[in-house]
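# Understanding the architecture of this molecule
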Amino acid sequence: MSALLHPEFPHRWSAEVLDRPPLIAPARQFVYPQQVEEVERGALQLLVRPATGAPFLATCARGFADPSVPHGLWSCPHPDWLCAASGGYVYLIHTLQPEEWQMVPWRPVLEVRSLPDHQLLLFVGHHAIFAWGREGRAWESQRLSWEGVQITEIAGDTLHGLGWDLMTDKDLPFALDLRTGEHRSSAP
């Protein structure tokens, strides 16, 4: 299983995706999340070298085997954080203090999108969008769809997209303010 690095933001760490646990593991090892039974099966294993301090092994539990969900590494708006996606489960890890981490609440995340001009990483789920900024969680949109959110355009500070509406059985347009996550009306 190979994972791609998406370095859209400057970062002060390096990470290597491992096919198997190292023969000589670093002294510091972290499993994300800590309370999971299937962490060994298909987990994303990373050897992370932070800007300062000793390297550490990060083992990120895999969510789904579906190739359509994100799998890989992204740099974050803050240069000391990394984003690891393992089968649609997404982990945000502080590389200088790897015990400080968060998991994106949606399982699975269907798309990870970097917006360097807005200093945001976007995580698209089935119903809404979650944004991570330089200081951590930036915002979470309201429900945009009953099943499936599609980003169609970013124009200035506005994200345009489509979301499926249960009552009409149609994809309806929506618009979000990228600064706040607030829903803006959008012409049908």
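This is a predicted model, so every value here is computed, not measured.

### What to know about the pattern of salt bridges
Within the structure shown, the criterion is met by six salt bridges. For the salt bridge of Arg12 with Asp80, the shortest nitrogen-to-oxygen distance reads 2.7 Å. Placement of the pair is Arg12 in the loop between strand E1 (4–6) and strand E2 (14–18) and Asp80 in the loop between strand E6 (72–75) and strand E7 (81–86), with a sequence separation of 68 residues. Overall, the relative accessible area of 5% leaves Asp80 in the buried class.

### Details of the environment of Thr158
As for its position among the elements, Thr158 is in strand E15 (residues 158–165). According to the relative accessible area criterion, Thr158 is buried, its value standing at 11%. Sequence separation between Thr158 and Leu110 is 48 residues; the distance between their C-alpha atoms is 20 Å.

### Section: the confidence of the model for the protein chain
Put simply, the protein chain has an average pLDDT of 91, and 93% of its residues get 70 or more. Within the protein chain, the lowest mean pLDDT, 75, falls on E1, and the highest, 98, falls on strand E12 (residues 129–133).

### Observations concerning the environment of Val90
Along the chain, Val90 falls in strand E8 (residues 89–94). Expressed as a C-alpha distance, the spacing of Val90 and Gln102, which sit 12 residues apart in the sequence, is 8.6 Å. Setting aside chain neighbours within four positions, we find Val90 in contact with Cys83, Ala84, Ala85, Gln102, Met103, Val104, Val109, Val112 and Phe123.

### Examining the pairing of strand E14 (residues 149–155)
Relative to E15, E14 runs antiparallel, the two being bridged by six bridges. By the bridge assignment, Ile151 is partnered in E15 with Gly161.

About the criteria used
Residues numbered from 1 in each chain as written. Predicted model: local features only at pLDDT ≥ 70, side-chain atom pairs only at ≥ 80, totals over all residues. Heavy atoms only, no water. Salt bridge = Lys/Arg side-chain N within 4 Å of Asp/Glu carboxyl O. Helix = DSSP H or I, 4+ residues; strand = E, 2+ residues; numbered from the N terminus. Buried < 20%, exposed > 50% of the residue type's maximum accessible area, 1.4 Å probe, protein only. pLDDT = per-residue confidence, 0-100. Contact = heavy atoms within 4.5 Å. Pairing = 2+ DSSP bridges.

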